[in-house]
Amino acid sequence: MNNNDNKNKKNNFFNQNPLLLFIIFAIGIIILFRSIAPSAMNEMNSVSQDQRISYTYSDIKNLAKEGKLAYVAIGKDIVKVKFKDGQVFSLSRVPNDPTLVEALNKYKVPYGGLNENNWFNDLIFGWIIPIFIFFAIWMFLASRMQKGMGGVLGIGSAKGLIKSEKPDVSFDDVAGNDEAKEEVKEIVDFLKNPERYLELGAKIPKGVLLVGPPGTGKTLLAKAVAGEASVPFFAVSGSSFIEMFVGVGAARVRDLFNQAKKEAPSIIFIDEIDAIGKSRAAAGQMGGNDEREQTLNQLLAEMDGFDSKEPIIVLAATNRPEVLDAALLRPGRFDRQVLVDKPDFKGRVQILKVHIKKIKAAKNVSLEDIARMTAGLAGADLANIINEAALLAGRKNKKEVTQEDFVEAVERQIAGLEKKSRRLNEKDKKIVAYHESGHAVIGETTDGARKVKKVSIVPRGLAALGYTLNLPEEDKYLMQKHELIAEVDTLLGGRASEEVFIKEISTGASNDLERATDIIKGMVSMYGMTDVAGLMVLEKQSNAFLGGYNQSKDYSEKTQEAMDEFVKNFLNERYEAVKAKLRKYSQVIEQMVKELYEKEVIQGDRVRELIKAYDEGKLEEILGIKNGENNENGTDS
Ligand code: ADP
Ligand code: ZN
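For the structure given in this document, a descriptive report is provided here. This is a predicted model, so every value here is computed, not measured.

So, the overall build of the chain
Helix and strand counts for the chain stand at 25 helices and twelve strands. For the chain, the proportion of contacts with a sequence separation of at least 24, taken over those separated by at least 6, is 73%. Of the accessible surface of the chain, which amounts to about 33,900 Å², a share of 53% is contributed by carbon and sulfur atoms.

Looking at the pairing of strand S2 (residues 78-83)
The sheet contact formed by strand S1 (residues 69-74) and S2 spans five bridges and is antiparallel. Following the sheet pairing, Tyr71 is matched in S2 by Lys82. By the bridge criterion, five bridges tie S2 to strand S3 (residues 88-92) in an arrangement that is antiparallel. Directly across from Lys82, in S3, lies its bridge partner Val88.

Quick look at the sheet that holds strand S8 (residues 312-318)
Reading across from one edge, S6-S7-S8-S5-S9 is the order of the five strands in this open sheet, with parallel pairing throughout. Here the strands that pair on one side only, and so sit at the sheet edges, are strand S6 (233-237) and strand S9 (336-339). Recorded for the sheet is a direction-independent mean angle of 20 degrees between the axes of neighbouring strands. Alignment of strand S5 (residues 207-211) against S9, held across four bridges, turns out to be parallel. Of the residues in S9, the one forming a bridge with Leu210 is Val338. Where helix H8 (residues 218-229) meets the sheet, its contacts fall on S5, S6, strand S7 (266-271) and S8, and the angle it forms with S7 comes to roughly 175 degrees.

Looking at the coordination of the zinc ion (ligand 2)
Metal coordination angles have textbook ideals: 109.5 degrees for a tetrahedral set of four donors and 90 or 180 degrees for an octahedral set of six. Protein coordination of the zinc ion (ligand 2) is provided by His435 (NE2), His439 (NE2) and Asp512 (OD), with donor distances spanning 2.0 to 2.1 Å. In the primary sequence, the donor residues of the zinc ion (ligand 2) line up as H-x3-H-x72-D. With His435 in helix H17 (residues 426-445) and Asp512 in helix H19 (residues 510-525), the pair connects residues that are 77 residues apart, well separated along the chain. Accessibility expressed as a relative area gives 6% for His435, which makes it buried.

Here's the deal with helix H21 (residues 557-584)
Counted at 1.5 Å a residue, the expected span for H21 with its 28 residues is 40 Å, and the 41 Å between its end C-alpha atoms agrees. By the burial criterion, the buried members of H21 are Thr559, Gln560, Met563, Val567, Phe570, Leu571, Tyr575, Val578, Lys579 and Leu582. Along its buried surface, H21 packs onto H17, helix H18 (481-502), H19 and helix H22 (586-599).

Some remarks on the site of ligand 1
Around ligand 1, 14 residues are found, and the nearest of them are Ala175, Gly215, Lys218, Thr219 and His355. In this structure, Gly217 approaches ligand 1 through a main-chain N or O atom, which is 3.1 Å from an oxygen atom. Thr219 is positioned such that a nitrogen or oxygen atom in its side chain is 2.5 Å from an oxygen atom of ligand 1. The protein chains hide 79% of the 560 Å² of surface that ligand 1 would expose on its own. Broken down by secondary-structure element, the contributors of at least two residues to the shell around ligand 1 are H8, helix H13 (345-356) and helix H15 (379-395). Per-element accounting of the shell around ligand 1 gives the leading share, three residues, to H8. Residues belonging to the shell around ligand 1 are distributed by class as follows: six nonpolar, six polar and two charged.

A closer look at a negative patch on the surface
Taken together, the side chains of Asp178, Glu179, Glu183 and Asp344 define an acidic patch exposed on the protein surface. Tracing the backbone shows Asp344 in the loop between S9 and H13. Take Asp344: its relative accessible area is 36%, and that puts it in the partly exposed class.

Here's the deal with the packing of H18 against H19
Following both chains from N to C, one finds H18 and H19 inclined at 160 degrees, their axes separated by 9 Å at the closest point. Classified by the interaxial angle, the pair formed by H18 and H19 is roughly antiparallel. Here H18 runs over H19; the crossing is left-handed. Listed contacts from H19 to Lys481, Leu484, Ile485, Glu487, Val488, Leu491, Leu492 and Arg495 of H18 are Asp512, Leu513, Arg515, Ala516, Ile519, Ile520 and Met523. Among the residues forming the contact of H18 with H19, the class breakdown is ten nonpolar, no polar and five charged.

Considering the sheet that holds S1
Read across the open sheet, the four strands follow the order S3-S2-S1-S4; overall the sheet is mixed. Looking at the sheet topology across the chains shown, the edges are occupied by S3 and strand S4 (111-113). This sheet shows a mean twist of 15 degrees between the axes of neighbouring strands, independent of strand direction. Along the sheet, helix H4 (residues 98-106) makes contact with S1, S2 and S4, crossing S1 at roughly 155 degrees.

What to know about the side chain of Ser497
By the secondary structure assignment, Ser497 is in helix H18. Apart from the residues lying within four places of it in its own chain, the contact partners of Ser497 are Tyr434, His435, Gly438, Ile502, Leu582 and Ile589.

Regarding unusual backbone geometry
The phi dihedral of Ser230 falls on the positive side, at around 40 degrees, and the residue is not glycine. Residue placement: Ser230 occurs in the loop between H8 and S6. Unusually for a residue other than glycine, Asn397 sits at a positive phi of about 65 degrees.

Quick look at the packing of aromatic side chains
Per the counting criterion, the structure on display carries eight aromatic pairs. Each residue in the set Phe134, Phe135 and Trp138 is aromatic and connected to the rest through ring pairs, giving one cluster. In this structure, Lys429 packs its charged tip against the face of Tyr597, placed 5.3 Å from the ring centre.

Let's talk about the pattern of salt bridges
Pairs may arise between side chains of opposite charge once their charged atoms sit close together. With the rule as written, the count across this model stands at 24 salt bridges. Residue Asp489 pairs with Arg574 through a salt bridge whose shortest N-O separation is 2.8 Å. You can see Asp489 sitting in helix H18 and its partner Arg574 sitting in helix H21, a full 85 residues away along the chain. Exposure remark for Asp489: the relative accessible area of 5% places this residue in the buried category. Each of Glu388, Lys396, Lys398, Glu404, Asp405, Glu408 and Arg412 takes part in one network of salt bridges that share partners.

About the thresholds
Residues numbered from 1 in each chain as written. Chains lettered and ligands numbered in written order. Predicted model: local features only at pLDDT ≥ 70, side-chain atom pairs only at ≥ 80, totals over all residues. Heavy atoms only, no water. Helix = DSSP H or I, 4+ residues; strand = E, 2+ residues; numbered from the N terminus. Contact = heavy atoms within 4.5 Å. Areas by Shrake-Rupley, 256 points an atom, 1.4 Å probe, with all protein chains shown as cover. Pairing = 2+ DSSP bridges. Axes fitted to C-alpha atoms, helices over the stretch in contact; angles between N-to-C directions. Donors = N, O, S within 2.8 Å, 3.2 Å for Na, K, Ca; no water. Buried < 20%, exposed > 50% of the residue type's maximum accessible area, 1.4 Å probe, protein only. Expected span 1.5 Å × (residues − 1). Near = heavy atom within 4 Å. Polar contact = N/O pair within 3.5 Å; in protein donor to acceptor, adjacent residues only side chain to side chain. Nonpolar A, V, L, I, M, F, W, Y, C, P; charged D, E, K, R; others polar. Patch = residues over 30% accessible without salt bridge, like charges linked within 9 Å, V, L, I, M, F, W, Y side chains within 5 Å. Salt bridge = Lys/Arg side-chain N within 4 Å of Asp/Glu carboxyl O. Lys, Arg positive; Asp, Glu negative; His and termini not counted. Charge placed at Lys NZ, Arg CZ, Asp CG, Glu CD. Parallel < 35°, antiparallel > 145°, perpendicular 65-115°, else oblique. Left-handed = near helix turned anticlockwise from the far one by under 90°. Phe/Tyr/Trp six-rings, centres within 6.5 Å; stacked < 30°, edge-to-face > 60°. Lys NZ or Arg CZ within 6 Å of the ring centre and 35° of its normal.

See below:
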């Protein structure tokens, strides 16, 4: 860092409010120090000069009376005493006591004033040390703040605090999400040819909110806008504005906009804008946050401040638009919203295509297959999968990445990393094997349920002991009633299987039961699929998706009771049906458990094969069991 930068940074710092805080802080330290310093220094004097004779203040008068004193020097806080034999001692922090002078007069001891102001000590203790401490603290805080900005404070930049970049990203790098791309394309044109719009008297939009779940490419899209328009791109994260000190965030917002104006036309990208833009009403409950409020106000002021003739466009990303302060969304601010959603099947294929270019993949890799397996994943997950597959292939010393590696990478991404080290003990293994087989058989034999891809009792990640991978054939946006019920049945299959075959239930089904309950509640309260509330909607969709079920109910106690009763009965009814079905397919389950014990994993095709064979009465045949043996088995169990 050169001098110039230093000056720049200081200048900037001095301009801002935090300085006020520091000055107050510094004065505080100085006052504090000055109040202890004189006594500290006198204490030191007394050790060196007193030859370690200890007297107290009350002794002085006695010593005067005894005629032992040659001279007494009286200061404001300190008294120095010289004996006739030449010894000296001093006392600090003496009381303000007029009777001492009287006593000295009485016993004719000469006395005088004492000038405590030792300028040298005073300078050191009163000023230099406190100022030094103050600067040390200041430097420490300043350096911490820079780190807090995550490198956004351009340490190496001579221009100022916030550095811009010129991203080398184009719309081609952003795959899928064509609608979002279409909407932001307009912005590129504004930035490239502002005159065209200004001449017509049009106002260029100032703020665009990119709304979507994490990893869907909001940052990427913003960069692509800057890249396509080839304008400077300023990226900051909302959370980096929120600092310990009130006023710092606002100052940073100011710097950011100043810098962007200097380099206009330009793009400002604010990630996680909800960190500063949370609605004031919502934040109030948590004991208002001055810093955030000031930062938000500054942001609003800046957005109102720049002329719509200045081609600066602020793109902000959030996945929770509903928590944003209404003031942010007003016309002239973030009045446009672009939805950046998780990709559908086609989108996933396109994203995979973009990322697979970066690695050496085998020619026969089917992106369609990978896309089919990854419904519900975001672009960042897909990028991860491609990279993970390349790493897996590398570990196996392969020359190119094959389909097998991709499938394994998908499984890892979906179910967490395989924990080879974590083995199930025999008892748990049995429970998990029956549990997962139950899910799988119900899934495969219920109309409208999702097909089983694979059943596994290899523990993955921390939470899942085993899993049944059910994947829809295609992306689904709508669920019919019978499909919801099929999902409930499939979820109940795990626990029902434990009860039917192990005759005892475990804790392993709590998540299944929770999800099943939620689905039925949804049928009652959101989708109007039952008689309990008829078509009356009790829960708004947004609430139910965001934070589970709404706390503030706007329906009667009686409705609540009816709903609870319905959910309970419905679950029981489904549970009985599921158990009956599992009993019917007990031979299939037993065979699956056997195979799971051997191989830990069964593919969906094998499950279907077993079920089909059973339905056609050929199970024994394909398992190679002789009729006689089987009969024995049958009577045994
Ligand atoms: P967000 O800002 O929405 O959280 P990012 O833009 O940071 O997501 O996405 C992270 C990474 O995921 C990107 O750098 C890119 O590699 C990949 N990615 C996400 N969405 C897409 C997409 N639509 N096309 C290509 N790559 C994507
Ligand atoms: Zn389960």
